[in-house]
Amino acid sequence: MDVGHSICFNSLDRIQWLRTIIEGRTYANLAGNETICAELKIQKNGLRPEHITSLACLFEELINNGKHIYVEADKEVIQFLKEVLHFDDYWNKGTTFVNSSKASILNLWKVNGVEVDFHSKRIGKYFKQREFENKDITALSGSILEVYYNVVDHSNSSGNAVSFISYDDIAKKVNVSVCDFGRGIADSVKSVLPELTDAEAIRKAMEPRFTIRSESHNGGYGLDTIRSSCTEKDTLWIISNGTALVSMGDNERTIDIEPKFKGTLVFYSISLEYLPELEIEDEIIEL
């Protein structure tokens, strides 16, 4: 096979992985319909939602620019991408959602405005399975929905946005990631507050009730609702442009990203034990 360029993923460290994604995006604008090799020199057990959504967005961008992708990885990784996540179907069949073969995974969904409400029902159904059955997931589902509307209304991603949700039944945590290759939260906020730095813009976006109000969907609750749902043991990452903001409980830090990541990558975990129990009303029998 005649391969034009290779993108080598040799680390699952979040920042290093993101730098490889950024490097890979540079091949999208090259002339010609060459084949790009994605070398995944990593272990399947280390793959998390943020790796999967950013990789899917990279594939989307390369394919939309006429590139062909050849994946080189060990058997377990290839099997996971093809047989569990059904990666091929998203581009070969043009679908926006394919059911995963694992019950713990709510598979990739290509975020779009037409299907937001329908996908939110998928999320609700997914959360009602097994351990979620007696938990009140209203706030969790609502916060994810708000993030989707932020992507639809503000990202200008031209359809290149992906969501992925999974459940770790050992750690008892819900893991969520949403990635888009649009203008990014930082630039979106700076469109109305141009004096802010990337870090300041992301912090502004996390303030309660803050919204740039370009569309009617957003009430300014999304990112703040996610952060308030995370306990001191849970972590929220928001990456946009030149900054990664990491929030854990009341603690917050920023990491500089160079080169800049054009778009937004949000991922977080919620401990199931901290979700409130559903209130069961006593049944009333009229005689």
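Computed from a predicted model, the values in this text were never measured in an experiment. (Residues numbered from 1 in each chain as written. Predicted model: local features only at pLDDT ≥ 70, side-chain atom pairs only at ≥ 80, totals over all residues. Heavy atoms only, no water.)

> Just checking my understanding: could you explain the overall build of the chain for this structure?
Tallying secondary structure elements over the chain gives nine helices and eight strands in all. Put simply, 66% of the contacts in the chain that link residues at least 6 apart link residues at least 24 apart. Total accessible area computed for the chain in this model is approximately 14,000 Å², and 47% of it derives from carbon and sulfur atoms. (Helix = DSSP H or I, 4+ residues; strand = E, 2+ residues; numbered from the N terminus. Contact = heavy atoms within 4.5 Å. Areas by Shrake-Rupley, 256 points an atom, 1.4 Å probe, with all protein chains shown as cover.)

> I tried to follow the environment of L47 on my own but got confused; where do I start?
Its location among the elements puts L47 in the loop between β2 (35–40) and α2 (49–64). Since its relative accessible area comes to 17%, L47 is described here as buried. Each C-alpha atom, one on L47 and one on L12, is 7.2 Å from the other, the two residues being 35 residues apart in sequence. Discounting residues that sit within four places of it in the chain, L47 has contacts with L12, W17, I42 and F80. (Buried < 20%, exposed > 50% of the residue type's maximum accessible area, 1.4 Å probe, protein only.)

> What am I meant to see in the packing of helix α1 (residues 14–25) against α2 here?
Across the interface, α1 lies against α2 with an axial gap of 10 Å and an inter-helix angle of 5°. Classified by the interaxial angle, the pair formed by α1 and α2 is roughly parallel. Residues R14, W17, I21, G24 and R25 of α1 form the contact with α2, whose own contacting residues are E50, H51, S54, L55, L58, E61 and L62. Here the residues of the contact of α1 with α2 are counted per class, giving five nonpolar, three polar and four charged. (Axes fitted to C-alpha atoms, helices over the stretch in contact; angles between N-to-C directions. Parallel < 35°, antiparallel > 145°, perpendicular 65-115°, else oblique. Nonpolar A, V, L, I, M, F, W, Y, C, P; charged D, E, K, R; others polar.)

> How should I be thinking about the pattern of salt bridges in this particular structure?
Opposite charge on two side chains permits them to pair, given that their charged atoms come into close proximity. One pass over the structure, following the stated rule, counts eleven salt bridges. Linking R14 and E50 is a salt bridge whose minimum nitrogen-to-oxygen distance equals 2.8 Å. With R14 in helix α1 and E50 in helix α2, this pair connects stretches of sequence that are 36 residues apart. Overall, the relative accessible area of 27% leaves R14 in the partly exposed class. Judged by relative accessible area, which is 3%, E50 ranks as buried. One network of salt bridges, in which partners are shared, links R14, R48 and E50. (Salt bridge = Lys/Arg side-chain N within 4 Å of Asp/Glu carboxyl O.)

> How should the nonpolar core be read in this particular structure?
Buried together is how nonpolar side chains tend to be arranged in soluble globular proteins. Grouped together as the largest cluster of nonpolar side chains are 45 residues, with contacts concentrated most on L85, F87, I239 and F261. Looking at this core, the element that brings in the most residues is α2, giving seven residues. (Core = buried A, V, L, I, M, F, W, Y, C linked by side-chain atoms within 4.5 Å.)

> Which parts of the structure should I look at to understand the confidence of the model for the chain?
Where the model shows low pLDDT, its predicted coordinates should not be examined in detail. Scored by pLDDT, the chain has a mean of 86; 87% of the residues are at 70 or more. Between residues 282–287, whose pLDDT stays under 50, and residues either more than four places distant or in other chains, the model counts zero contacts. (pLDDT = per-residue confidence, 0-100.)

> Before we go on, may I ask you to explain the sheet that holds strand β7 (residues 236–248) in this structure?
Strand pairing in a sheet is mediated by backbone hydrogen bonds. Such pairs are either parallel or antiparallel. The strand order across the open sheet formed by five strands is β4-β5-β6-β8-β7, and the pairing between neighbours is antiparallel. Only two strands of the sheet have a single neighbouring strand rather than two, namely β4 (105–110) and β7. Strand after strand, the sheet turns through a mean of 15° between neighbouring axes, direction not considered. Summarising the sheet, β7 and strand β8 (residues 251–271) pair through twelve bridges and their orientation is antiparallel. Paired with V246 across the bridge in β8 is R253. Across the sheet, helix α6 (residues 138–154) touches β4, β5 (161–168), β6 (173–180) and β8, and the angle it forms with β6 is around 10°. (Pairing = 2+ DSSP bridges.)

> What is the right way to read the packing of aromatic side chains from this model?
Geometry of an aromatic ring pair is reported as the spacing of the ring centres plus the angle between the planes. Going through the model one piece at a time under the given rule, you end up with nine aromatic pairs. Ring centres of F9 and W17 lie 4.4 Å apart, and the angle between their planes is 40°; this geometry places the pair in the tilted category. The class for F9 is buried, based on a relative accessible area of 1%. A ring pair is formed by W237 and F267, whose centres lie 5.4 Å apart and whose planes are at 20°; its orientation type is stacked. Taken together, the residues span a long stretch of sequence, with W237 in strand β7 and F267 in strand β8 at a distance of 30 residues. The buried category is assigned to W237, whose relative accessible area is 7%. Here the aromatic cluster, defined as three or more aromatic residues joined through ring pairs, consists of F59, F87, Y90 and W91. One cation-aromatic arrangement involves R25 over F181; the distance from NZ or CZ to the ring centre is 3.7 Å. R122 extends its terminal NZ or CZ atom over the ring of F97, reaching a point 3.9 Å from the ring centre. (Phe/Tyr/Trp six-rings, centres within 6.5 Å; stacked < 30°, edge-to-face > 60°. Lys NZ or Arg CZ within 6 Å of the ring centre and 35° of its normal.)

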